Each structure stands twice: as structure tokens, then as C-alpha cells.
Amino acid sequence: MTDQLVRRALDDTLTFLGTLVRDAAQPPEALARLALLRLQHPGLDLDLVWDASPYPSTVHFDALLRAPGADTVSLSVCPVDDTPWPLRGVRLASDHDLVRVNGETLKVREAMECLDFLWNEARILQALVDLCLIEEAVKRWSIVPAAEHTQRALDAFRSARGLLAASDMHTWMHANALTPDRLAHMMHGRAQEFALREHIAREGVGAYADAHPRAFDVAHLARMRVRTRERAYQLAEQVSQRGFHEVMEDEFSARRLVALRHGSLEAVRRRDISPDHAAHIFAAAARDVIGPLESDAGFDIVRVIRIEIADPHHASTRHAVVDAMFDEWLGARRRAATIEWFWGPAGA
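Below is a short write-up of the structure. (Residues numbered from 1 in each chain as written. Predicted model: local features only at pLDDT ≥ 70, side-chain atom pairs only at ≥ 80, totals over all residues. Heavy atoms only, no water.)

**Some remarks on the pairing of strand β2 (residues 58-66)**
Bridge count between strand β1 (residues 45-53) and β2: nine bridges; the pairing is antiparallel. Paired with Asp45 across the two strands is Arg66, which belongs to β2. Across five bridges, β2 lies against strand β3 (residues 72-76) in antiparallel orientation. Note on β3: the bridge partner recorded for Ala63 is Leu75. The hairpin formed by β2 and β3 contains five residues between the paired strands, and Gly69 there has a positive phi angle of roughly 75 degrees. (Pairing = 2+ DSSP bridges. Helix = DSSP H or I, 4+ residues; strand = E, 2+ residues; numbered from the N terminus.)

**Digging into the sheet that holds β3**
With antiparallel pairing, three strands are arranged side by side in an open sheet as β1-β2-β3. This sheet does not close on itself; its edge strands, each paired only once, are β1 and β3. Neighbouring strand axes in the sheet, compared pairwise and without regard to direction, differ in orientation by 25 degrees on average. Lying on the sheet, helix α1 (residues 3-22) is in contact with β1, β2 and β3; it crosses β2 at an angle near 165 degrees. Packing of helix α2 (residues 27-40) onto the sheet brings it into contact with β1 and β2, and relative to β1 it is tilted by some 165 degrees. (Axes fitted to C-alpha atoms, helices over the stretch in contact; angles between N-to-C directions. Contact = heavy atoms within 4.5 Å.)

**Quick word on the environment of Val205**
Mapped onto the elements, Val205 comes out in helix α8 (residues 205-211). Between the C-alpha atom of Val205 and that of Ala320, which follows or precedes it by 115 residues, the distance is 9.8 Å. Residues in contact with Val205, not counting those within four places in the same chain, are Arg318, Val321, Val322 and Met325.

**Quick word on the sheet that holds strand β8 (residues 289-295)**
Strand order in the open sheet formed by four strands is β7-β6-β9-β8, with antiparallel pairing between adjacent strands. What marks the edges here is a single partner per strand, and that holds for β7 (265-269) and β8. The average angle at which neighbouring strand axes cross in this sheet is 40 degrees, direction not considered. By the bridge criterion, five bridges tie β8 to strand β9 (residues 298-308) in an arrangement that is antiparallel. Across the sheet, residue Ser295 finds its bridge partner in β9, namely Gly298. Most of the contacts of helix α9 (residues 229-242) go to β9, to which it runs at about 40 degrees, and overall it touches β6 (218-226), β8 and β9.

**A closer look at the packing of aromatic side chains**
Inspection of every chain in the model, using the stated rule, returns five aromatic pairs. Centre to centre, the rings of Trp141 and Trp329 are 6.1 Å apart; their planes meet at 45 degrees, and the pair counts as tilted. Of the two residues, Trp141 sits in the loop between α4 (122-140) and α5 (147-161) while Trp329 sits in helix α12 (residues 315-336), which places them 188 residues apart along the sequence. One aromatic cluster is present, formed by Trp141, Phe326 and Trp329 through successive ring pairs. (Phe/Tyr/Trp six-rings, centres within 6.5 Å; stacked < 30°, edge-to-face > 60°.)

What follows is the structure in C-alpha cells.
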């Protein structure tokens, strides 16, 4: 990119920031305007970040300009009666407080260490990182969810919590002090993610499905899990003599089975399980019993209820393909991301 084009981009960006200040623009409007600026400078990667101050009620914008192989340039415009961006970064000790109960304060770092140590939930930390990456992409591409995305978000929310009746939903919201406005805000964020998934997949769904034949087939299973290989072979022998469900009922009543996250009955896609397990399960016929199958979680005895060949034209298959494409994109973004944890040492 020539120096002349760079200077023009800098001038246009400063003018753009000036109009945001003049018009007291809010972030949604600013992002919509940024899309037009990006069209004027296709050779540049343009981003917009902001800091909202509740007192006084102002929004300060900072534009980031990146050219391929070049350094990032940060530009901002501050009104004469406002505080410049660098001076807004002063942090109070209370900024690290998460919750206070009966005068006892829990700090963010303590909470995160508790989650990591007691629950060993690396998925929670990864979900927080993913949330930031999704928000970054939503802003960059000016993603606006449609009504169908909002409905999918609400359906997924209610289904995950078993809130199928309207009365159940209202009771749950009241018990969790969740207002309709807060629920709407939560659903908007999830709807943006669904819209982002569609944006990333775009027209590539068919090609991706063709490149991964049989990956989206579904196996409907009943599963028993135990902790030791010896016990798993004992169960397999009992199943061969008495039947799968009779053994499962006895083991369940005696509380000798490992609790499964999704219950004893589940539907799994081929792509979501290990290749070794998939080879055994999807080669089986209905009512076949397989196992023991070993994993990090234990040893499984599995009864195949039904194998469902994915229909590429069915909505559920399309959603699964879109999710797979999104997972690959998100994984690549996660590996390339610069991550800073403010609740503890870097990399904690």
C-alpha cells in the first residue's frame, strides 16, 4: 500500500472519529458507519474499540488501522471537555471485586482459582476466551441477528434448562432474579453468535459436508459407564446372559454406575466421538451391544438403539455442519489470540 493511500486512510479515519464525537454516536451506530469506511479502504483492516464512562455519560472511540505486514496505528479524537483515552485506564482496587455477601468480598482472581481448582473446569476459561473472540468478530463484520436467530437462542436456552412451558420459564426467571430486559440482552448476545455462525459458513455448507462424508451420521445409544476395566468385562458378561436393560437397572439401583453428563440415553454424531469408538458404534446394527469402550472417563458398555444416516437437506444436519465449520474457525482464532488474564499471572 502506497504512502498516499495510507495518508488518505488516516485522514478519512480522523474525519470519521470527529463525526462520531460531533454526533455523540453510540456504539451500534458507530459500527454501522465503520462498515462504510471499510468499503472505502479495502486494503486495510479497520477496527473500532470504545470505552463508555457512566459519569459523565460519554463514549470514547479509538480506531485501529492495520495494513498487511505493517504495524498497527491507533487513532482517537477526544472532545475538549472529556478525558483522553490513555487517562481512562486507571483501575481501582474494587475493580477486581466480583461479589460481596454479608460483608465478605470475593475477588475475581479467587473465584477463577476456585473454579479451576475445585471443578477443574478448563471449559469455563475457554468459554470466556471464546466469548471475547465472538464479540470481536461480531463488531468487525457488523453482524445483526435476524428474528430466526433470536428464536433459536431462546429455544436453546429453554431446552437446556427444561423450561418447556411458559409457566416454568416465568418461575425460573423469578427464582433467578432475571428480568425480561436482562433475558432479552442475553438472548441478543446468543442470537448474534448464531448469526455469526451463518456468516462464517455462508455458501460453504454443501462443500464441507461433501468433504466429510458420514461425519454427521447420528447414533442413538444407551450407555453404562464404570471406572475399571475388570468391572466393565464383568458387566459385558452379565449383559450377554441377562440382557442390557436388566443389568443397567440393577447397576443403577445399586449406584454402581458413573454418572453421565447427558444421561444414559443419548444421540451422538460420528464427528463428536473418537474415531476408535465411532468405528465400533457405526458398524453395529440396532440392538447390538458393544464394549467395553475405553476413554479417559472410564469404560463403557453401549447398546445401539438406532443408526441414523445424515440427510444433507435436513435442517438439523445443516445446523450441525454450520456448527462444525464455526468450531474450526473459532479454534483457529483461539490459537492465534493474544490472551491477558487480569485476575492472575499471564497464562494462569
